[in-house]
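Spelled out, the chains give:
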Amino acid sequence: MFTARLIRLITGAAIAAWPIFMLAQSLPDVQVSAQARQIHERAIVIDTHGDTPQRLLFDKNFNIGTRNKLGHVDIPRMRDGGLDALFFSIWVPSDATGPPAVKRALDLIDSVREAVRTHPNDLMLATTAADVRRAAAEHKIAALMGMEGGHMIDDDLGLLRVYAALGVRYLTLTHFLNNNWADSATDKPAHNGLTAFGKDVVRELNRLGMIVDVSHIADKTFYDVLETTTAPVMASHSSSRAISNHVRNMTDDMMRALAKNGGLIMINYAAAFLSEEFRVASEKKGGNIVAMMAAMSKKCGGNEACTIMESERIQHEAMARGELPKVTWDKIVEHIDHAVKVAGVDHVGLGSDFDGATMPIGMEDVSKLPKITDALLKKGYSEQDIDKILGGNILRVMEQVEKLKSAR
Ligand SMILES: [Zn+2]
């Protein structure tokens, strides 16, 4: 151990080497090559799903401007990880409906807007691809918003338009439960996919230039969306069902349908979505994801930041004790590579689920992102293709959706 450190010090890699030395006691880490770092820094790196607003709203001790020991995202660690843009998720649990869900959604939107207002040197509110590019040019992090769960529109297209005006750029049609107009992947089918009003929601999203997010919805809802939409759609945070047979993941057929639509699958880093062994073992232990989160939420008294961090802590301790199979970060790259093989390199990107899920070992937070670039480079991906996966593809889809809006 000491010799390896000494060699790295002598070769001039001291700064990169010493955090590795610290981590080496518990787990072997990967050194990111200079070339990978360069590619990563040059690229506009975009993540389409982070649940950090839960911390902004509920966690009184959380300051996004300082380095935190807990959670996955803050400004210093986004800087370390070279993240240029994040879609902050406006998420309200789907058992909350009506005015209370709307109020909570508005509070979350306000928390993101306030984080931007109080950190003007680091964050910039972004609603278009051009905004993201401008933020990157000014060395600021673009803060975008996506809304996770159609129940927050309270069956009202007017409310959807209000959210759009406040800066929300995508709508995930459902969360864990069905709503009045769309079936969820993790609930019993009630509508056979999308209802007539659900199709109106998709058309209104198209008209508003908002992206339709197909993560979380039932397979039938997914295909109904593709028949209805006139713009590219995305799965903002889903992985491959061929690798981990989770209903939240996309089948190969769905990935091909997304590619045909010009849309995207953005790979989710959640341990249960990455690894079949982990998924099976954790469901055996704690029930399905809906039951597990509901139990934890009750324990945390409805503080959803606590719900998410406690679930991760418990699962990581179980991995360390050998009670759950260990899931490591390189599974993320396996999912990216599979999606590229099935859908094509123009249709894949990053949708971490940071601050919303249990991360794999080695991807403890957003600062670890350059490892993905390094792994893709080692796999033989060209700089151009890596650039697309890191952010180029979502920028393209944003531009297409924005253009279709002005054409209407
Ligand atoms: Zn989600």
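Note that the coordinates shown come from a computational prediction; the quantities given were computed from them, not determined experimentally.

Student: Looking at this structure, I do not really get the overall build of the protein. What am I missing?
Tutor: Regarding its fold elements, the protein presents 18 helices and nine strands. In summary, the protein has a C-alpha radius of gyration of 20 Å against a globular reference of 22 Å for 408 residues, a match within 12%. Each of the three principal axes of the protein carries a C-alpha extent, and together these read 65 × 45 × 45 Å. By the burial criterion, 51% of the 408 residues in the protein qualify as buried.

Student: I'm lost on the domain arrangement of the protein in this one. Help?
Tutor: Size of an interface: often given as the accessible area lost when the parts come together. When the domains of the protein are assigned, the result is domain 1 (1–31) and domain 2 (33–407). Computed from C-alpha atoms alone, the centre-to-centre distance between domain 1 and domain 2 is 33 Å.

Student: Sorry, what's going on with the pairing of strand 4 (residues 141–148) here?
Tutor: Within a regular strand, side chains alternate between the sheet's two faces. Extensive coverage of strand 4 is indicated by the burial of eight of its eight residues. Here strand 4 shows no split at all, with Ile141, Ala143, Met145 and Met147 on one side and Ala142, Leu144, Gly146 and Glu148 on the other all buried. As paired elements, strand 2 (residues 85–91) and strand 4 share seven bridges and run parallel to each other. Among the inter-strand pairings, phenylalanine 88 is bridged to a residue of strand 4, identified as methionine 145. Note that strand 3 (residues 123–125) and strand 4 share three bridges and pair parallel. Residue pairing for strand 4: methionine 124 is matched across the bridge by alanine 142.

Student: Please explain the packing of helix 11 (residues 252–260) against helix 16 (residues 330–343) as it appears in this structure.
Tutor: The angle between the axes and the distance between the axes are what describe a pair of packed helices. Direction vectors running N to C along helix 11 and helix 16 enclose 60 degrees, while the axes themselves pass 9 Å from each other. Considered as vectors, helix 11 and helix 16 are oriented oblique to each other. With respect to the hand of their crossing, helix 11 and helix 16 are arranged in right-handed fashion. Contacts between helix 11 and helix 16 involve Asp252, Met255, Arg256, Leu258 and Ala259 on the former and, on the latter, Ala339, Val342 and Ala343.

Student: When you look at helix 3 (residues 34–42) in this model, what are you seeing that I'm missing?
Tutor: Within the span of helix 3, buried status applies to Ala36, Ile39 and His40. The buried residues of helix 3 occupy an angular sector of 100 degrees when the element is viewed end-on, so they sit on one face. Exposed residues pointing more than 90 degrees away from the buried face of helix 3 are listed as Ala34, Gln35, Gln38 and Glu41.

Student: In this structure, what is going on with helix 11? I would like to understand it.
Tutor: Every α-helix winds through 3.6 residues per turn, so residues three or four apart in the chain are directed the same way. Every buried residue belonging to helix 11 is among Met254, Met255 and Leu258, and all of these are buried. Across the axial projection of helix 11, the buried residues extend over an arc of 100 degrees, all falling on one side. Opposite the packed face of helix 11, turned more than 90 degrees from it, sit the exposed residues Asp253 and Lys260. A positive phi of about 85 degrees marks glycine 262, the residue just after helix 11.

Student: Mind showing me how you'd approach the pairing of strand 1 (residues 46–50) here?
Tutor: Of all five residues that make up strand 1, five are buried, and the element is covered over most of its length. For strand 1 and strand 2, the ladder comprises three bridges, and the chain directions are parallel. Of the residues in strand 2, the one forming a bridge with aspartate 47 is leucine 86.

Student: So what exactly am I meant to see when it comes to the environment of leucine 264 here?
Tutor: Inspection of the secondary structure assignment puts leucine 264 in strand 8 (residues 264–267). Each C-alpha atom, one on leucine 264 and one on lysine 103, is 31 Å from the other, the two residues being 161 residues apart in sequence. The contact partners of leucine 264, leaving out residues within four places of it in the chain, are Met234, Ala235, Leu258, His347, Val348, Gly349, Asn393, Ile394 and Val397.

Student: For this particular structure, what's the right way to read the nonpolar core?
Tutor: For soluble globular proteins, the rule of thumb is that nonpolar side chains tend to be buried together. Counting 116 residues, the largest nonpolar core has Ala85, Val132, Ile141, Ala143 and Ile265 as the members making the most contacts within it. Other than its neighbours up to four places away in sequence, isoleucine 265 contacts Ala235, Ser238, Met250, Met255, Leu258, Ala339, Ala343, His347 and Val348.

Student: What should I look at first to understand the packing of helix 16 against helix 17 (residues 370–378) in this one?
Tutor: Relative to each other, helix 16 and helix 17 sit at 55 degrees, their axes nearing to 10 Å. Considering their axes alone, helix 16 and helix 17 lie oblique with respect to each other. Remark: the crossing between helix 16 and helix 17 carries right-handed chirality. On helix 17, the residues touching Asp330, Ile332 and Val333 of helix 16 are Ile372, Ala375 and Leu376.

Student: Explain the environment of arginine 113 here, please?
Tutor: The residue arginine 113 is located in helix 6 (residues 98–118) in this model. Of the residues examined, arginine 113 has 16 C-beta atoms within 10 Å and is grouped as partly exposed. Put simply, arginine 113 and serine 282 are 169 residues apart on the chain and 36 Å apart in space, counted from C-alpha to C-alpha.

Student: Please clarify how the confidence of the model for the protein should be interpreted in this entry.
Tutor: Detailed conclusions should not be drawn from predicted coordinates in areas where pLDDT is low. When pLDDT is averaged along the protein, the result is 92; 92% of the residues meet or exceed 70. At the low end of the mean pLDDT range in the protein sits helix 1 (residues 2–10), at 35; at the high end sits strand 9 (residues 348–350), at 99. Scored below 50 in pLDDT, residues 1–27 shows 15 contacts in the model against residues more than four places distant or in partner chains.

What counts, and where the lines are drawn
Residues numbered from 1 in each chain as written. Predicted model: local features only at pLDDT ≥ 70, side-chain atom pairs only at ≥ 80, totals over all residues. Helix = DSSP H or I, 4+ residues; strand = E, 2+ residues; numbered from the N terminus. Rg over C-alpha atoms; globule rule 2.2 N^0.38 Å. Buried ≥ 20, exposed ≤ 12 C-beta atoms within 10 Å, placed from the backbone. Domains from an automatic or database assignment. Pairing = 2+ DSSP bridges. Axes fitted to C-alpha atoms, helices over the stretch in contact; angles between N-to-C directions. Parallel < 35°, antiparallel > 145°, perpendicular 65-115°, else oblique. Left-handed = near helix turned anticlockwise from the far one by under 90°. Contact = placed C-beta atoms within 7 Å. Arc of directions from axis to C-beta. Core = buried A, V, L, I, M, F, W, Y, C linked by C-beta atoms within 7 Å. pLDDT = per-residue confidence, 0-100.

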